[in-house]
Amino acid sequence: MKPKITPNNNERKLGDTDFIVSKTDPNGRITYANRIFMDICGYPETQLLNVQHNIIRHPDMPLCVFKFLWDTLKSNEEFFGFVKNLCADGGYYWVFANITPDYDKHGKLHGYYSVRRKPPQSAIDVLTPVYRQMLAIERDSSTTEGPQKSFEYLLDVINQTGAKDYNSLVLSLYKP
Ligand SMILES: Cc1cc2nc3c(=O)[nH]c(=O)nc-3n(C[C@H](O)[C@H](O)[C@H](O)COP(=O)(O)O)c2cc1C
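Please read all numbers here as calculations on a predicted model, not as lab measurements. (Residues numbered from 1 in each chain as written. Predicted model: local features only at pLDDT ≥ 70, side-chain atom pairs only at ≥ 80, totals over all residues. Heavy atoms only, no water.)

A. Representation of the site of the ligand within the structure. Neighbouring the ligand are 13 residues; N54, F66, W70, N85 and R116 lie closest to it. Contact distances for the ligand include 3.4 Å between a nitrogen atom and a side-chain N or O atom of H53. Contacts to the ligand include N54, whose side-chain N or O atom sits 2.7 Å from an oxygen atom. With three residues, the top contributor of residues to the shell around the ligand is strand β5 (residues 109–117). Classifying every residue of the shell around the ligand gives six nonpolar, five polar and two charged. (Near = heavy atom within 4 Å. Polar contact = N/O pair within 3.5 Å; in protein donor to acceptor, adjacent residues only side chain to side chain. Helix = DSSP H or I, 4+ residues; strand = E, 2+ residues; numbered from the N terminus. Nonpolar A, V, L, I, M, F, W, Y, C, P; charged D, E, K, R; others polar.)

Next comes the structure, spelled out in structure tokens:
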């Protein structure tokens, strides 16, 4: 069961050369976690394996980002994004995440594979108010309409920055 954690403002940062790796089964249950992942989120391997990846979901993250993440993976495409994650002690850490579908040698979906690196502070500064606004839109709408409306807001932001699409914006924030 997902632990009930009260978020606090203690931030942890990945080192410049650190990378977090995890793998999941096709349903998003964790099947592998590397040492840095366990160290930063504060859960031992026993509490991560076979558990849904939303164990580290932070309440500051808009629903729509995860909907987009799963829609992207289900279309056999890779996802890039900036994600704020919740630690076992209520702290948080930001990552730049890449998630890809993982196929076995017969072409059958084996699960998903994610690698995260330290995001530039400039990207977090841009996205924090955007995610806050998306969350507010989701809170003010019904569960079915919320993610769609907040995604429309994100598309507006993408248009205003002149980026071609979501991936162009995200990749340009990673490498300004
Ligand atoms: C390989 C993989 C890695 C993921 N990594 C994260 C992550 O670091 N943080 C997170 O909140 N969700 C992550 N997710 C998405 C979660 O499965 C989940 O959709 C998300 O936490 C939202 O929770 P919810 O689906 O219960 O709303 C990942 C999913 C996959 C397949």
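B. Just the environment of M38, in detail. Turning to its location among the elements, M38 is positioned in helix α1 (residues 35–41). The class of M38 is buried, set by a relative accessible area of 9%. C-alpha separation for the pair M38 and I20, spaced 18 residues apart in sequence, amounts to 8.8 Å. Not counting residues within four places of it along the chain, the set of residues in contact with M38 comprises A33, Y43, P44, E45 and L48. (Buried < 20%, exposed > 50% of the residue type's maximum accessible area, 1.4 Å probe, protein only. Contact = heavy atoms within 4.5 Å.)

C. Highlighting the environment of S22. Within the secondary structure, S22 sits in strand β1 (residues 20–24). Relative accessible area serves as the criterion here: at 1%, S22 is assigned to the buried category. Sequence-wise, S22 and I99 are 77 residues apart; in three dimensions their C-alpha atoms are separated by 9.4 Å. One polar contact links S22 to H53, side chain to side chain, over a distance of 2.8 Å.

D. Spotlight on the nonpolar core. Judged by nonpolar contacts, the single largest core of 47 residues is most densely connected at F37, L48, F82, Y93 and Y131. Listing elements by their share of this core, those giving two or more residues are β2 (30–33), α1, α3 (63–74), β3 (79–86), β4 (92–103), α4 (121–139), α5 (146–161) and α6 (166–174). Other than its neighbours up to four places away in sequence, F37 contacts I20, V21, S22, I30, G42, L48, H53, I56 and Y93. (Core = buried A, V, L, I, M, F, W, Y, C linked by side-chain atoms within 4.5 Å.)

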